[in-house]
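# Report on the structure
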Amino acid sequence: MGIALFGLLRKELVQFFRDRLILTLILWLYTIEVVICAVALSFDVSHLPLAVVDEDRSALSRSLIQKFAVSETFDLKFQETRVATATDLLEKGDATMVLVVPAGFEGALLAGKSAQLQLLQDGTNSNIAANAVNDALQIVQRQEREALPAAGKKGVAVPLIRIWYNPDLTTSGFIVLSMIALAGMMVGVIHPAASIVREKERGTIEQLLVTPISTLELFLAKVTPTLIMGVLSIFPSLVIVRVFDVPLQGSLLLFLVLTAIFLLSAIALGVLIAAYSRTLQQALLLSFFGLFPLMFLSGSLTPVEAMPPFLQSLSLLSPLRYYMDIIVGIFLKGAGLAVLWDEALALLVIGVTLFIFSLWVFRRRVQ
C-alpha cells in the first residue's frame, strides 16, 4: 500500500501544481478576494455627506456643528438656511443626514431645560443609518456634557467605556478573517469535487481502478493535495491580515492544526458531491447549493444568536460555525486550546465523521 500510495500521491501533486489556473484561483481566493471583500463589505461609516440648518446661530450651536464637521463619520457639505432646502438634498441623495438646530437651543441648554435637535437620516441602508445615528447621538451627548458645567449643573454621570479585542470598533478585521474562512471552505469543497468528476468525465478513473491500487489509496490521493494546499494558502493570507492590522494574538501552530481539521470537513463534503455527480457542471451546482447554507449559518454574515431557534440548532451541524469561532478567538482574543477545546472537539467530530462517511460513499459509488 505504501509504495502504490506514494506513487499515486506524487502523480496527483504534480498534476495539481501544474494546473496554473487552479493555483491562480486558490491564490486569488485567499488574497485578492479577501482584500476586495474587506474593503467593499466594510460596515464602518465614514465621510457621510452632512447638511446643517442652524436656526439658533449661537456659540453652542456653532460648537456642535464643528464637532460634526471634524468627526470621521461626517463631512459637512451643505449649510442651509431653510429645512426644506436641506431635505431636498436628502431626497436627491446629495446628503445622508440633515442636522437641524432650532432657535433657542443654547438658551434652553444653559437654563437646564430640554434642548431638542432634529436629525433627519436617510434610512435606505439600515446598517449605515443605525451607525450614523449612533455616532451623531454620541457627538450631541459630548456637547451636552461640555455645556452643562458652564450652566452650573452637577451630578452628571459620565460612563467610562472600555472595548476589548477591537478598541477601534472596525469591521475590517472580522471581515478579513471571515473571508479567509470562507475561502478555505470553498477550496476544500470545490477542488476535490471538480478533480474527481473530471476523472469521471475523462474515463481515467476506471483506468486507475484497474491498476494495483485500492479505493482507499485513490481516495487519499485525491484529497491530500487539497489539504496540503489549503494549509499552505494560509501563509499568503497572513500577509493580508498584517496589511489590515489584524493582530495574531494566539498560537499560529494551533491555528494551522485546527485549519487542517476544518479542511477535512470541507474536503469530505467535496468528495460526497463528487460521488453523486456525473458531470463537472453538476458538481459545481451542488457545491454552491451546499456552500451558501453553510455560509449563512456560520455567523460570518449574521450573528447566530440573531437567528430563529431552529436555524441556531441547525447551525450546530456546520463546521464553518466552529471554525469562525476558532479563527476569531485565536487572532483577536488570543484564545488557546483551553478556551477553544469545545469548538475544536466539535470540529474534529464533524470532520472525522464526514471523512469516514465520504470514504464509504466514495467506495460504493466508484466500485
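- Labelled according to an unreviewed UniProt entry, the protein chain appears under the name Transport permease protein, originating from Marinobacter profundi.
- Among the UniProt annotations of the protein chain, the heading Sequence similarities (unreviewed entry) holds the following wording: "Belongs to the ABC-2 integral membrane protein family."

## Overview of the side chain of D56
- In this fold, D56 is placed in the loop between β1 (48-54) and α4 (59-70).
- Here the side chain of D56 touches E106 through a polar contact of 3.2 Å, landing on its backbone nitrogen.
- If sequence neighbours within four positions are ignored, D56 has contacts with S61, V101, P102, A103, G104, F105 and E106.

## Thoughts on helix α8 (residues 172-202)
- End to end, α8 covers 43 Å across 31 residues, agreeing with the expected 45 Å (1.5 Å per residue, within 8%).
- Of all 31 residues making up α8, 26 are buried, and the element is well covered by its neighbours.

## With respect to the packing of aromatic side chains
- Across all of its chains, the model carries 7 aromatic pairs by this definition.
- Ring centres of F255 and Y323 lie 6.4 Å apart, and the angle between their planes is 15 degrees; this geometry places the pair in the stacked category. Of this pair, F255 sits in helix α12 (residues 252-275) while Y323 sits in helix α15 (residues 319-333), and the two are 68 residues apart along the sequence. The two residues F255 and Y323 agree in class, both being buried.
- Three or more aromatic residues joined by ring pairs make a cluster, and in this case those are F255, F262, Y323 and F331.

## Section: α4
- Counted at 1.5 Å a residue, the expected span for α4 with its 12 residues is 16 Å, and the 17 Å between its end C-alpha atoms agrees.
- The complete set of buried residues in α4 reads L60, S61, L64, I65, K67 and F68. Buried residues in α4, looked at end-on, bunch into an arc of 150 degrees, giving them a common side. In α4, the exposed positions that point more than 90 degrees away from the buried face belong to R62 and V70.

## Some points on the side chain of T73
- Tracing the sequence through the fold places T73 in the loop between α4 and β2 (74-80).
- Setting aside chain neighbours within four positions, we find T73 in contact with V45, S46, H47, L48 and D135.

## Some words on the environment of R57
- As for its placement among the helices and strands, R57 is situated in the loop between β1 and α4.
- Among the residues examined, R57 registers a relative accessible area of 58% and is labelled exposed.
- R57 sits 46 residues away from A103 along the chain, and the two C-alpha atoms are 7.7 Å apart.
- For R57, the contacting residues outside a window of four places in its chain are R62 and T81.

Criteria and cut-off values
Residues numbered from 1 in each chain as written. Predicted model: local features only at pLDDT ≥ 70, side-chain atom pairs only at ≥ 80, totals over all residues. Heavy atoms only, no water. UniProt positions renumbered as here; feature names shortened; annotations may be inferred. Helix = DSSP H or I, 4+ residues; strand = E, 2+ residues; numbered from the N terminus. Polar contact = N/O pair within 3.5 Å; in protein donor to acceptor, adjacent residues only side chain to side chain. Contact = heavy atoms within 4.5 Å. Expected span 1.5 Å × (residues − 1). Buried < 20%, exposed > 50% of the residue type's maximum accessible area, 1.4 Å probe, protein only. Phe/Tyr/Trp six-rings, centres within 6.5 Å; stacked < 30°, edge-to-face > 60°. Arc of directions from axis to C-beta.

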